[in-house]
Amino acid sequence: MRCEQFRELISAYIEQSIAPPLAAKMDEHAARCGSCRTELEDVRRLWQMMTEAKRVEPPASLHARIMQEVYANTPAVPALRWWELAWRPRFAFAAAAVLMVLALVIWSRNTHTDAIALSVVSSGGNPVSPVPISNLPVRFEPFLTDDGSLRWMLKMNAPRPTSVEVTAGAQSVWSGTVAQETATVLPAMSQGAVLEVRVVWDGSITLRAWLPAEISQEEHKPVLVLKERSIEQTLGHITRAYGVPLVLVGETDPLTRVNLESTGVTLDEMLSKLGEKLNLQVSRAEDGTTILTAR
Ligand SMILES: [Zn+2]
């Protein structure tokens, strides 16, 4: 496990909403990495403060104002979250007070009701192309290798010869003509990672899939805070947090940005809210894969 992965998963780790094998990996990492251990302790202390301060009842408008403040004072560094910045010395003083109150608000929402707040903050307004397929022509199948790590296989099935291009991340994986069933093994990925796969079918229909490196067997209710992410980035984060593969069929507006904060919601609750806001139809394939179709 790498430090970025560790840090991304700290909240979920503390509230014990990640799968035990992943939690074990985090224990290992914390045991040998001092800076991540310090970070974990800092976040734990913060959570502890939230618990002790449970009688505080902030006004309803406070959260919005704090988030505004946090966003306004956070430089646009896509790889970092505001709470990661907050731990850096340069931002620590300015952010400490804000963080404290914010933590109280998040905690207090946690105690009252499971919450999800989701907004689309900007949109280029590009139309999404309708998808004329009723059945997915592809299937993503997980399998375990000899060393116990999870890999994904892509199975494609075409009733007539169809040109297909497959990329995973920036890497071209397969390209050619599919006639009847064709299978290809997707690249290996590191623990905690999400593999983003793009399949261009017949030169026009695009399927994208976000595949987790570990599949979660239990129902997760992770804490997610995303700021102005694209639809693709949002789906990648949901995949990582919930440990489920997601498949998106059709084109979405690349300029749309999503703000998302959620605590204690199930995947189904998350997806139904997301589908409604982003105009995606949510369905399940026969094998249980969650499919989002751009309308
Ligand atoms: Zn580390």
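Residues numbered from 1 in each chain as written. Predicted model: local features only at pLDDT ≥ 70, side-chain atom pairs only at ≥ 80, totals over all residues. Heavy atoms only, no water.

A few points about the overall build of the protein chain
- Broken down by element type, the protein chain carries nine helices and 11 strands.
- Counting contacts in the protein chain only where the partners sit at least 6 residues apart, residues at least 24 apart contribute 65% of the total.
- Carbon and sulfur atoms make up 51% of the accessible area of the protein chain, which totals about 15,100 Å². (Helix = DSSP H or I, 4+ residues; strand = E, 2+ residues; numbered from the N terminus. Contact = heavy atoms within 4.5 Å. Areas by Shrake-Rupley, 256 points an atom, 1.4 Å probe, with all protein chains shown as cover.)

A short note on the coordination of the zinc ion
- Coordination sphere of the zinc ion, protein contribution only: Cys3 (SG), His29 (NE2), Cys33 (SG) and Cys36 (SG), at 2.1 to 2.4 Å.
- Note that the zinc ion binds four donor atoms; their angles at the metal cover 101 to 113°, and the shape is tetrahedral.
- Within one chain, the residues serving as donors to the zinc ion are arranged as C-x25-H-x3-C-x2-C. Here the residue cysteine 3 occupies a position in helix α1 (residues 3–8), and histidine 29 occupies one in helix α3 (residues 20–32), the gap between them amounting to 26 residues.
- Given the relative accessible area of 29%, cysteine 3 is considered partly exposed. (Donors = N, O, S within 2.8 Å, 3.2 Å for Na, K, Ca; no water. Tetrahedral: all angles 85-135°; square planar, octahedral: opposite > 155°, others 65-115°. Buried < 20%, exposed > 50% of the residue type's maximum accessible area, 1.4 Å probe, protein only.)

Some remarks on the nonpolar core
- With 27 residues, the main nonpolar core has Phe140, Met156, Val166, Leu186, Val197, Val199 and Leu211 as its most contacted residues.
- Counting residues per element, the ones that place at least two in this core are β2 (138–144), β3 (150–168), β4 (171–185), β5 (194–201), β6 (205–212) and β8 (246–249).
- Among the elements that line this core, the one with the most residues is β3, at eight residues.
- If near-sequence neighbours (up to four positions away) are discounted, valine 197 is found in contact with Phe140, Val166, Thr167, Ala168, Leu186, Leu207, Arg208, Ala209 and Leu211.
- Counting residues in hydrophobic clusters, the runner-up holds 22 residues, among them Trp210, Ile231, Ile238 and Leu260. (Core = buried A, V, L, I, M, F, W, Y, C linked by side-chain atoms within 4.5 Å.)

Here's the deal with the pairing of β6
- A large share of β6 lies buried, amounting to eight of its eight residues.
- Going residue by residue along β6, you find Ile205, Leu207, Ala209 and Leu211 tucked away on one face and Thr206, Arg208, Trp210 and Pro212 tucked away on the opposite face as well.
- For β5 and β6, the ladder comprises eight bridges, and the chain directions are antiparallel. In the strand pairing of β6, valine 199 is matched with leucine 207.
- From the end of β5 to the start of β6, which pair antiparallel, there are three residues, and aspartate 202 there has a positive phi angle of about 60°.
- With four bridges connecting them, β6 and β8 associate as antiparallel partners. From the neighbouring strand, arginine 208 faces β8, where its bridge partner is leucine 248. (Pairing = 2+ DSSP bridges.)

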